[in-house]
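In case you want the letters, here they are:
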Amino acid sequence: MSKPLAIVTGASSGIGLELAAICAEDGFDLLVAADRSEIHTAAERFRRLGAETTVVEADLATKDGVDQLWAKAAGRPIDALLANAGHGLGHGFLDQDFDEARHVIETNITGTIYLVHLVGRQMRARGTGRILLTGSIAGFMPGTYQAVYNGTKAFIDSFSFALRAELDGSGVTVTCLMPGATETEFFERADMLDTKVGQSDKDDPAMVARVGHDAMMRGDGDVVSGWRNKIQSALANVTPAGMLAEQHRKMAEPGSADRK
Ligand SMILES: NC(=O)c1ccc[n+]([C@@H]2O[C@H](COP(=O)([O-])OP(=O)(O)OC[C@H]3O[C@@H](n4cnc5c(N)ncnc54)[C@H](OP(=O)(O)O)[C@@H]3O)[C@@H](O)[C@H]2O)c1
């Protein structure tokens, strides 16, 4: 009997690395992807955990990159898709390099939903499958000094609920994992280490991944990891957007780490 197969994107570090490790421990074989060579080192860890692991090193912001990943699946039945790859970008929108801002949208939205479109069709045809999308509580608030990023997560959070409703009764479940600030390479990569949120105490990526994986295996619709984030996202739902934008400024403004 071949083992179930999971695709995990962004599995070279942070939350994705832990999600893939949990899937390996849980008896899945893996097809993992990231856009830098660290993915090969991560794959060794997954193999030590017993997972037959196939690696794709590609930019998932591009159609070609996603096509490479799908081609590596080689028509094998996909039991779980953990569409987690994503990155942020700090600083004021008008101060950002527009190509970098576009890359955030093409990674977090276009590339992500293109992969869901490819894998989701196979799962629907088979009448079985689990999809986990890594959204964020950031999707609940305007992202002053991370405006594009928070917008992409608002898209993913919303998209997850809609797709879940569309697939109700199909045998395919869609779960949205919404973490808060988590200790990964995210803030360094987004050039936000000089911000309050960049310097704040953050959640453990292994805890966040466990919460997400277990919610996916239960077939839950969505999960916010960590009680602090649950309170923050609940408050965000009843707080005027202008006030949320001001709160986000205090957390994400460049140099805010040194301000009271
Ligand atoms: N950390 C947080 O506070 C936080 C909070 C809420 C949601 N999230 C979300 O959690 C997910 C994982 O991020 P993380 O915090 O674990 O950060 P991370 O440590 O930087 O991991 C990001 C992963 O995504 C991959 N990736 C990014 N852009 C890619 C691209 N264009 N093509 C292929 N792979 C790409 C990275 O691969 P390379 O390293 O090879 O580039 C890496 O494996 C993201 O969707 C992020 O938005 C994070």
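Just so we're clear, the structure is a prediction, and the values are computed from it rather than from any experiment.

Caption draft 1: Representation of the packing of helix H4 (residues 98–126) against helix H5 (residues 147–166) within the structure. Their axes nearest at 9 Å, the elements H4 and H5 cross at an angle of 15°. Compared by their axis directions, H4 and H5 come out roughly parallel. The chirality of how H4 crosses H5 is right-handed. Counted together, Ala 101, Val 104, Ile 105, Asn 108, Ile 109, Thr 112, Ile 113 and Val 116 of H4 and Val 148, Tyr 149, Thr 152, Lys 153, Phe 155, Ile 156, Phe 159 and Leu 163 of H5 form the full contact between these two elements. Taken together, the residues of the contact of H4 with H5 sort by class into twelve nonpolar, three polar and one charged.

Caption draft 2: Expanded view of a negative patch on the surface. A contiguous patch of negative charge on the surface is contributed by Asp 97, Asp 99, Glu 100, Asp 191, Asp 194 and Asp 258. With respect to the helices, strands and loops of the structure, Glu 100 is situated in helix H4.

Caption draft 3: Up close: the pattern of salt bridges. Considering all chains together, one arrives at twelve salt bridges under this definition. Linking Glu 18 and Arg 45 is a salt bridge whose minimum nitrogen-to-oxygen distance equals 3.2 Å. Within this pair, whereas Glu 18 is found in helix H1 (residues 14–25), its partner Arg 45 is found in helix H2 (residues 38–48), the two being separated by 27 residues in sequence. In this structure, the salt-bridge partner of Glu 44 is Arg 47, at a minimum N-O distance of 2.6 Å. One end of the pair, Glu 44, and the other, Arg 47, are both in helix H2, three residues apart, so they sit about a helical turn from each other. Among the residues examined, Arg 47 registers a relative accessible area of 36% and is labelled partly exposed.

Caption draft 4: Layout of H4. In this model, H4 (29 residues) spans 41 Å end to end at C-alpha, consistent with the 42 Å of a helix rising 1.5 Å per residue. Most pronounced at Glu 106, the bend in H4 amounts to some 40°. You can read the cap of H4 off the contacts: a side-chain oxygen lies 2.8 Å from the backbone nitrogen of Asp 99, and it is on Asp 97. Gly 127 lies just past H4 and shows a positive phi near 75°.

Caption draft 5: Representation of the site of the ligand. Close contacts around the ligand come from 33 residues, with Ser 12, Asp 35, Tyr 149, Thr 184 and Arg 189 the closest. Asp 35 is positioned such that a nitrogen or oxygen atom in its side chain is 2.3 Å from an oxygen atom of the ligand. Take Arg 36: an N or O atom from its main chain is 2.7 Å from an oxygen atom of the ligand. Calculation on the ligand without its partners gives an accessible area of 880 Å², and the protein chains cover 99% of this total. Contributing elements (two or more residues each) for the shell around the ligand: H1, H4, H5 and helix H6 (186–189). It is H6 that provides the largest number of residues to the shell around the ligand, a total of three residues. Looking at the shell around the ligand, its residues break down into twelve nonpolar, 15 polar and six charged.

Calculation rules
Residues numbered from 1 in each chain as written. Predicted model: local features only at pLDDT ≥ 70, side-chain atom pairs only at ≥ 80, totals over all residues. Heavy atoms only, no water. Axes fitted to C-alpha atoms, helices over the stretch in contact; angles between N-to-C directions. Helix = DSSP H or I, 4+ residues; strand = E, 2+ residues; numbered from the N terminus. Parallel < 35°, antiparallel > 145°, perpendicular 65-115°, else oblique. Left-handed = near helix turned anticlockwise from the far one by under 90°. Contact = heavy atoms within 4.5 Å. Nonpolar A, V, L, I, M, F, W, Y, C, P; charged D, E, K, R; others polar. Patch = residues over 30% accessible without salt bridge, like charges linked within 9 Å, V, L, I, M, F, W, Y side chains within 5 Å. Areas by Shrake-Rupley, 256 points an atom, 1.4 Å probe, with all protein chains shown as cover. Salt bridge = Lys/Arg side-chain N within 4 Å of Asp/Glu carboxyl O. Lys, Arg positive; Asp, Glu negative; His and termini not counted. Charge placed at Lys NZ, Arg CZ, Asp CG, Glu CD. Buried < 20%, exposed > 50% of the residue type's maximum accessible area, 1.4 Å probe, protein only. Expected span 1.5 Å × (residues − 1). Bend = angle between axes of the 7 residues up to and from the residue. Polar contact = N/O pair within 3.5 Å; in protein donor to acceptor, adjacent residues only side chain to side chain. Near = heavy atom within 4 Å.

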